[in-house]
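Each chain, letter by letter, is given below.
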Amino acid sequence: MRKLGICLALTGVTALMTGCGSSGSTPATSRGGLAVVDLDKVAAETGRKAEMDEQYKMTASSVQQQLVSAQNNFQGQIDAKAKELGIDLTTKKPEEIPEEAKQQVGQMTLNARNILARAQNEYGAKLGEYKQSQIAKFRNDLKPVLQEVAAKRGLSIVVPKNEGLLLAVDPGVDITDDVIKTYREKKPAAAAPAPAAPAAPTASAPAKPAPKAAAKDTESEKK
C-alpha cells in the first residue's frame, strides 16, 4: 500500500562550540592584572571537546531514533485504519475512495504530524539545554585551574580570548598553554552525563500495562 506520508525532518548532529575565539598563544610572563585564555584550545587539547561532542552525538542519536520509531508507529496505525476502511491506494484512485474514509484517514495523518512536530520541538529544546549544560560544566571545572594559573602570574582577572572583542592581546598575559598543562595534571571530572531522552510520542490511547510475572514461576526458579 502506498504510504499516506508523515514527513518529519530530523535535525542532524552538529559539533559543539565550547569557547570563545581561536588563536595561538605563546609562553606568558606577568605584565598586568588581566589574563586571557583560549577556551576553544583548552577544550580541544585536553580532550574535553571530543568528550562533549561524543556525549551530545549519542544523546541526539537516541532522540532521533525515538522520533523515527514514533513516526513508523503512527504510519502503521494509519495503514491499519486505511485497510479497515477498505482503502487500497495501489488499486484505487483518490477519486474512487469514499469521502468519509478519506476524511478519517486524513485526520489521523494530520494528528500524527502535529504530535511529531511538537515532540521534535521539545526534543530540540532539551538537546539545546543539554549542550549548554555541558559547556557550563566545562567552564566550572576550569575555574579553579584558571584562578591557580593566573594567581601564579600575579594576574587577578581572566577573560576568554575572543578576537571579536579583544582587538589586541599581549602574549605575556595569555595563560592558555599553562592552563592546558595544569588542567591535564588535575584531570577534572569528565563531561556531564547525557540526560535521558524524553519518552517517544504516542497516540492518545493509553498503553496496556505489562503483565506481571507469575509468583509460582519465581518460586520454581529459586528451587
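The model shown is predicted, which means the values in this text are computed figures rather than measured ones. (Residues numbered from 1 in each chain as written. Predicted model: local features only at pLDDT ≥ 70, side-chain atom pairs only at ≥ 80, totals over all residues. Heavy atoms only, no water.)

Caption draft 1: Geometry of the layout of surface pockets. The space that makes up the largest pocket amounts to roughly 240 Å³. As for the largest pocket, its lining consists of 13 residues, and the residues nearest its centre are Val37, Lys143, Leu146, Val158 and Val159. Elements represented by at least two residues in the lining of the largest pocket include exactly α3 (99–153) and β2 (157–160). Of the residues belonging to the lining of the largest pocket, the class tally is 9 nonpolar, 2 polar and 2 charged. (1 Å grid on protein atoms, 1.4 Å probe; cavity = no way out; pocket = protein on both sides within 12 Å on 5 of 7 lines; lining within 4 Å. Points joined across faces, edges and corners; volume = space filled by probe spheres on them. Helix = DSSP H or I, 4+ residues; strand = E, 2+ residues; numbered from the N terminus. Nonpolar A, V, L, I, M, F, W, Y, C, P; charged D, E, K, R; others polar.)

Caption draft 2: View of the packing of aromatic side chains. Inspection of every chain in the model, using the stated rule, returns 1 aromatic pair. Ring geometry for Phe138 and Tyr183: centres 6.3 Å apart, planes at 65°, overall edge-to-face. Taken together, the positions of Phe138 in helix α3 and Tyr183 in helix α4 (residues 176–186) put the pair 45 residues apart, joining distant regions of the chain. In terms of burial, Phe138 and Tyr183 fall into one category: buried. (Phe/Tyr/Trp six-rings, centres within 6.5 Å; stacked < 30°, edge-to-face > 60°. Buried < 20%, exposed > 50% of the residue type's maximum accessible area, 1.4 Å probe, protein only.)

Caption draft 3: Local environment of α4. Three or more residues of α4 are buried, namely Thr176, Val179, Ile180, Thr182 and Tyr183. The elements touched by buried residues of α4 are β1 (34–37), α1 (39–45), α2 (48–84) and α3. (Contact = heavy atoms within 4.5 Å.)

Caption draft 4: The confidence of the model for the chain, seen in detail. Put simply, the chain has an average pLDDT of 74, and 65% of its residues get 70 or more. When pLDDT is averaged over each element of the chain, α1 comes out on top at 93 and helix α5 (residues 215–222) at the bottom at 46. (pLDDT = per-residue confidence, 0-100.)

Caption draft 5: Looking closely at the packing of α2 against α3. Axis separation between α2 and α3 bottoms out at 10 Å; the angle between their running directions is 170°. Regarding the angle of α2 to α3, the classification is roughly antiparallel. Split into classes, the residues belonging to the contact of α2 with α3 amount to 20 nonpolar, 9 polar and 5 charged. (Axes fitted to C-alpha atoms, helices over the stretch in contact; angles between N-to-C directions. Parallel < 35°, antiparallel > 145°, perpendicular 65-115°, else oblique.)

Caption draft 6: Expanded view of the pattern of salt bridges. Throughout the structure, instances matching the rule amount to 10 salt bridges. The closest approach of N and O atoms between Asp141 and Arg48, which form a salt bridge, is 2.8 Å. In this pair, Asp141 sits in helix α3 while Arg48 sits in helix α2, placing the two residues 93 residues apart along the sequence. Classification of Asp141 by relative accessible area gives buried; the value is 18%. What you see here is one network of salt bridges that share partners, running through Arg48, Glu51, Lys137 and Asp141. (Salt bridge = Lys/Arg side-chain N within 4 Å of Asp/Glu carboxyl O.)

Caption draft 7: Structural view of the side chain of Lys161. Its place among the elements puts Lys161 in the loop between β2 and α4. For Lys161, a relative accessible area of 9% translates into the label buried. Within the local environment of Lys161, its side chain forms a polar contact with the side chain of Asp174, the two groups lying 2.6 Å apart. (Polar contact = N/O pair within 3.5 Å; in protein donor to acceptor, adjacent residues only side chain to side chain.)

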